[in-house]
Structure formats: C-alpha cells, structure tokens
Amino acid sequence: MKRIVLVIISGACLLALPVAGFAQMLINGAGATFPYPLYSKWFDEYAKVDTSVRFNYQSIGSGGGQKQILAETVDFGASDGPMSDDNLAKAPGKILHIPTVAGAVVVTYNLPGNLKLKLDGATIAEIFQKKITKWNDKRIAALNAGTRLPDSDVVVVHRSDGSGTSYIFSDYLSSVSPQWEKEVGRNTSVKWPVGLGAKGNEGVAGQVKQLTGTIGYVELAYAHQNKLPAADVKNSAGNFITPSVESVTEALAAAKVPEDFRFSMVNPAGPKAYPIAGATWLLVYEHPKDSAKAKKLVEFLNWALTKGEAMAGTLDYAPLPDNLRQRVLERVKTIKF
C-alpha cells in the first residue's frame, strides 16, 4: 500500500510523491474449534501489543489443522489430539507440539425440566453405542435417583469432521470401555455406531440446543455460551465431578507429560479431577520456511504462554501449570528463524 504526499515548492507548484505505507504481516493458522474462543481473544489482544502483525485463524477442526500444517498451506496448525507417528513421518520437516491450555469435553443434552444429570463412563459409552436408547433406561435412572427422566428416545449428536474434541471423547471412552476401544477406538474421526453428525463444536452445540432429547459432546465454553447443561461425570476415584476450570486443572496436574509434549489426560487419578479433559496444541515447524513470520510467531507464542495464559480461566480453559509452562517456553526457543 502506498500513500501520496503533496509537497509545496516555491509556494506555487504541487508534486505528488509516493511514500511507503504501513503493511501488516499476515500469519495464517487453521485447526481446532475446541480452543477457538480463547485463540480469538488472544489474537485480538495481541493486535494491541504488536500492530505490525495480524492473525488469520480458520476454525476447521483438528483434522483439518493437521492436514494443512503437513501441506504447509498455513504457518501453524492447531489440534486437540496429538499427531500420530505416521502423520509426523509425512511432514517435510520436524513438527513441534506446543501445548497452550487444557479444557473439558462435556456431555451436554436437551431435556425438559432443566435436569442436572450424573453419568459414568460405561453408561456414556452405551449411549453412544446405541445400547441405551431411552432416557428413562434403568442404567441412567440408577445414576440419577429421584430425577424424573422422560420416556423418550435418546438422539445422539456427534462431530462429522476430523476433530480433536472427538479424539479426547473417544480416548476417554476407550479408557473406560474395553468394548468401545475394540469396536470404535480413539481418533479424530471414528465410525460412530449411531447419531447425527454436525460440523465443529458450534455445530454440535447448535443441534443439541435445537432438538429436544439430544445428547452430544462439546468443549465446556460452547456449552456455557449456548446455555446448555453439562453432566457431572464419575471419575476414576468414584466421585461425580462437575466440569470446570478447577476440575480440569486437577486433571492436568495428574498428567504425565513426555518430552515431545504428546500426552493424554483422560480419566486421571485424583479425587477432584474431571475425567474427560484434554490439552490443545499449536503445531509449528522447527525450521519454518518464512523466517520473518517465524520470528513474529515466536514472539506471539512467548506472549501467549505468559500474558495470554492469564486470560484462559475467564473463558473456561485451564492454564498450563508453571512447571509445564516453563518447559514449553524452552521448546519455543528451539524454533529456528
């Protein structure tokens, strides 16, 4: 972009001189819908910190984020499921997993009467396997004594796109149900035994909000934004836990995080830990092609992992604990530009 400046010479003649204008650097990213509410906040706030850079982030699901970083069509990807060894082997360079925050995947539903449900892993797995088809099924009723459940069909809603939220949810179901692990398994995309498909956390939340009798899974922030209920879920210690920043923090504290930062935190030990929780990662090449963009991206990551983490709790995400955050900051230093 150029600006034209008019210069007066000898009080009479006007000359039009081109002057280089201000151009923002555009950094492109794509992937997970799970952290999108927080990432949107981060990008808006960072624009006030560094006016020379702007972020364009497409919330297309973790599967799409992994595909686009592999194809090098974006400067960073985003995923709630860690990339597999096979996918990493396809990359033209080394991809780093940069964990940012953790969040809860909640079981949400639409039933008359503003019911607050309690569910355990076995029951959730059977609902999503079409083994429980009525809301007043004895297995749901046994967990919710005194609650009047409707004699109506259970309508399952699941993700139709490649999704890190699906990875966390199917990872949890695989950890609590041997049959689920054998027949369906854990992945960003699985062959769902039953249900309606919807794109993104937004799509699942929208379907559940519109249709009475539905049950689905979304990131906690999407349930809150849509004023949807979230079931309390029985954890490995036998306690029914409400999904919250605090209970996800408890789960994150119990997680074992390896050197490459690819880890699962579902169904952890801990009496107060929420069992369906997971981290979310930014995916960045260790040697990015564009050194100028890489420098700006590293500056943003350092800001996000310090100043940005303080914003996580207000949007229903758990910030990284200090010891893990310091490890991640050290990893960011290895990005070459």
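Just so it is clear, the structure is predicted and the values come from calculations on it, not from any experiment.

So, about the side chain of S247. On the secondary structure map, S247 appears in helix α10 (residues 245-254). Polar contacts involving the side chain of S247 include one to the main-chain amide nitrogen of S244, which spans 3.0 Å.

Residues at a pLDDT of 70 or more form 93% of the protein chain, whose mean pLDDT is 92. A low-confidence stretch, residues 1-21 (pLDDT under 50), is modelled with 27 contacts involving residues beyond four sequence positions or located in other chains.

What follows is about the environment of M265. Within the element layout of this structure, M265 appears in the loop between α10 and β13 (277-285). It is 32 Å that separates the C-alpha atoms of M265 and T212, two residues lying 53 residues apart in sequence. For M265, the contacting residues outside a window of four places in its chain are A102, V248, A251, L252, A255, A277, G278 and A279.

In spatial order, the strands read β7-β11-β12; together these 3 strands make up an open sheet with mixed pairing. What marks the edges here is a single partner per strand, and that holds for β7 (118-119) and β12 (240-241). The sheet contact formed by strand β11 (residues 232-234) and β12 spans 2 bridges and is antiparallel. By the bridge assignment for β12, V233 is matched with I241.

Before going further, it helps to examine the pattern of salt bridges. By the definition in use, this model includes 19 salt bridges. Ionic pairing is found between K41 and E45, a salt bridge with its closest N-O pair at 3.4 Å. Here E45 and K41 lie together in helix α1 (residues 36-49), a separation of 4 residues that amounts to about one turn. Residue K41 is classed as partly exposed on the basis of its relative accessible area, which comes to 35%. Where E299 meets K296, a salt bridge forms, and the shortest distance between an N and an O atom there is 3.8 Å. Of this pair, E299 and K296 both sit in helix α11 (residues 291-304), 3 residues apart, which is roughly one turn of that helix.

What counts and what doesn't
Residue positions are given per chain, counting from 1 as you read along its sequence in written order. In keeping with the model being predicted, local features are shown solely for residues with a pLDDT of at least 70 and side-chain atom pairs are shown and tallied solely at 80 or more, while totals for entire chains, interfaces and linings include all residues. The side-chain figures draw on all heavy atoms in the structure; neither hydrogens nor water molecules are used. Secondary structure follows DSSP: runs of H or I at least 4 residues long count as helices, runs of E at least 2 residues long count as strands, and numbering of each begins at the N terminus. Two N or O atoms form a polar contact when they lie within 3.5 Å of each other; inside protein one atom must be a possible hydrogen donor and the other a possible acceptor, and for residues adjacent in sequence the pair counts only when both atoms belong to side chains. Summary of the metric used: pLDDT quantifies the predictor's per-residue confidence within the range 0 to 100. Working rule for contacts: check all heavy atoms of both residues, and any pair within 4.5 Å makes them a contact. Whether two strands pair comes down to DSSP finding at least two bridges between them. Basic side-chain nitrogens of Lys or Arg form a salt bridge, by our definition, when they fall within 4 Å of a carboxyl oxygen of Asp or Glu. Between buried and exposed lies partly exposed: a residue is buried under 20% and exposed over 50% of the maximum accessible area for its type, with that area taken using a 1.4 Å probe on protein chains only.

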